[in-house]
Amino acid sequence: LAIRTARDGWPSADGMELQILDGPHATKDGMAAIYRNVPPIAVAHESEQWNQLIVKAEGRMISAWINGQLVQQVNTAWESELQHRRLEGWIGLQDHGARIEVRHLRVSESPEGLGQTAKGHGVPLRSGSSVEYRTAFARR
């Protein structure tokens, strides 16, 4: 899932890419990782089942929940590779040749500003910002 990508940009380099490929876990390119930068903090998806993903990108804070469990939370200001990335941009879906299905995609706009400061606690959810997805295990 690409977030904050420039119109003609590359998701994992110009914006950020939250990995939803069903594959390796707890790595910087595994499920719920900020691709090649931040590993997930938990694993909560069910392979080949419908999963609900909620992503909240508010200021420098990126948080993600899969099936109601917090799986990613990072203050990008603390990450050298991410601290200068865009704070707004395009949202996109991509695949690497694996099957993915998406339904019930909803997007809500966050208010302007840098949002909450990371305090090591969960960020409250804003209703309506979610997507359900289903993937089959895919090898790269």
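Cut-off values and rules
- Residues numbered from 1 in each chain as written.
- Predicted model: local features only at pLDDT ≥ 70, side-chain atom pairs only at ≥ 80, totals over all residues.
- Heavy atoms only, no water.
- Core = buried A, V, L, I, M, F, W, Y, C linked by side-chain atoms within 4.5 Å.
- Buried < 20%, exposed > 50% of the residue type's maximum accessible area, 1.4 Å probe, protein only.
- Helix = DSSP H or I, 4+ residues; strand = E, 2+ residues; numbered from the N terminus.
- Contact = heavy atoms within 4.5 Å.
- Salt bridge = Lys/Arg side-chain N within 4 Å of Asp/Glu carboxyl O.
- Patch = residues over 30% accessible without salt bridge, like charges linked within 9 Å, V, L, I, M, F, W, Y side chains within 5 Å.
- Areas by Shrake-Rupley, 256 points an atom, 1.4 Å probe, with all protein chains shown as cover.

(A) Structural detail: the nonpolar core. Core analysis: the largest hydrophobic core is formed by 19 residues, its most contacted members being Ile-34, Leu-53, Ile-66 and Val-71. For this core, the secondary-structure elements that each account for two or more residues are β3 (51–58), β4 (61–66) and β5 (69–75). Looking at this core, the element that brings in the most residues is β4, giving three residues. Look past the residues within four positions of Val-71 in its chain and what remains in contact with it is Ala-32, Pro-40, Ile-41, Ala-42, Ala-44, Ala-64, Trp-65 and Ile-66.

(B) Region of the structure containing the pattern of salt bridges. In total, this model carries one salt bridge according to the counting rule given. A salt bridge links Lys-56 to Glu-58; its shortest N-O distance comes to 3.6 Å. Accessibility assignment for this pair places Lys-56 and Glu-58 in one class, buried.

(C) A nonpolar patch on the surface, seen in detail. Side chains of Ile-91, Leu-93, Val-102, Leu-105 and Val-107 sit close together on the surface and give an oily, nonpolar patch of about 450 Å² of accessible area. Among the secondary structure elements, Val-102 is positioned in strand β7 (residues 100–106). Using a relative accessible area of 35% as the deciding quantity, one classes Val-102 as partly exposed.

Limitation: the analysis is restricted to geometry and does not speak to function.
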